[in-house]
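Architecture and fold: a report
As a plain string of letters, each chain reads:
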Amino acid sequence: MAEIDTNIEQEKTLFIIEDDKPFRERLTTSFQRKDFTVTAAASKKEALDVLTNNDFNYAIVDLRLGDGSGLDVIKVIKDKNPECRTVMLTSYGNIATAVSSVKLGADDYLTKPANIDDIEKSLMSATCLLYTSPSPRDVEESRVAGWAGKKKGGGGGGGGGG
């Protein structure tokens with residue numbers, strides 16, 4: 001059990017890609033206080049340069065960067081590490097960008113202003129499930145089995161009569 005705890009601690013590598021300097025610095029400081037090892041980039045180009053030599057287990061990515069789209073960065077992050085938990089942040093929330101983000105691998109999509117605690121909950125939710133809950137397949141099989149059992153049992157319960 002202690003080995004799992006050690007591995008979780010080692011996995012707290014976070015890449016923040018945010019072009020708003022004060023917000024990027026606030027995110028960096030806040031997550032360092034939460035025992036993350038943080039690397040930050042201010043642009044798409046800088047992010048892609050960092051990703052050539054580094055791998056992360058968590059990422060916070062701004063959708064609109066000064067030199068391009070955060071969607072391109074998410075694709076590279078997920079190509080390098082499909083298990084990286086990524087959160088897309090944007091001031092311009094709409095359904096189309098949310099769908100694009102998820103299709104490219106974002107695990108969550110939050111609109112700004114998002115507070116640090118909400119971002120952390122989003123980052124950690126999949127990790128917590130990974131260590132404490134059954135797999136999605138197990139959950140689905142259980143759900144289907146439960147539904148099939150209700151159907152076989154006549155479902156609907158009403159007893160009838162009149």
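Attention here is on the structure that accompanies the text. (Residues numbered from 1 in each chain as written. Predicted model: local features only at pLDDT ≥ 70, side-chain atom pairs only at ≥ 80, totals over all residues. Heavy atoms only, no water.)

Concerning the overall build of the protein
Each helix and strand in the protein was counted, giving 7 helices and 7 strands. When the helices and strands of the protein are placed in sequence order, the string is α-β-α-β-α-β-β-β-α-β-α-β-α-α. Out of the 162 residues belonging to the protein, those deemed buried represent 35%. Accessible surface, the protein: about 9,700 Å² in total, of which carbon and sulfur atoms supply 53%. (Helix = DSSP H or I, 4+ residues; strand = E, 2+ residues; numbered from the N terminus. Buried < 20%, exposed > 50% of the residue type's maximum accessible area, 1.4 Å probe, protein only. Areas by Shrake-Rupley, 256 points an atom, 1.4 Å probe, with all protein chains shown as cover.)

As for the nonpolar core
Judged by nonpolar contacts, the single largest core of 19 residues is most densely connected at F15, I17, V61, V73, I77 and M88. Listed by contribution, the elements that provide at least two residues to this core are strand 1 (13-17), helix 3 (44-51), strand 3 (58-62) and helix 4 (70-80). With 17 residues, the next largest nonpolar core counts L14, F23, L27 and F31 among its residues. (Core = buried A, V, L, I, M, F, W, Y, C linked by side-chain atoms within 4.5 Å.)

Quick notes on the pairing of strand 3
Counting buried residues in strand 3 gives 5 out of 5 residues, a clear majority hidden from the surface. Burial along strand 3 is two-sided: the residues Y58, I60 and D62 and A59 and V61 are all buried. Sheet analysis places strand 1 next to strand 3, joined by 4 bridges and oriented parallel. Counted as the bridge partner of I17 is V61 from strand 3. As paired elements, strand 3 and strand 6 (residues 85-90) share 5 bridges and run parallel to each other. Bridge assignment links D62 to a residue of strand 6, and that residue is L89. (Pairing = 2+ DSSP bridges.)

Topic: the pattern of salt bridges
As enumerated under the stated definition, the model contains 10 salt bridges in all. In this structure, E120 and K34 form a salt bridge, with 3.0 Å as the shortest nitrogen-oxygen distance. Of this pair, E120 sits in helix 6 (residues 116-132) while K34 sits in the loop between helix 2 (21-33) and strand 2 (37-41), and the two are 86 residues apart along the sequence. As a salt-bridge pair, K78 and D107 come within 3.1 Å of each other at their nearest N and O atoms. Pair noted here: K78 is in helix 4 and D107 is in the loop between helix 5 (95-103) and strand 7 (108-111), with a separation of 29 residues, a long-range link. (Salt bridge = Lys/Arg side-chain N within 4 Å of Asp/Glu carboxyl O.)

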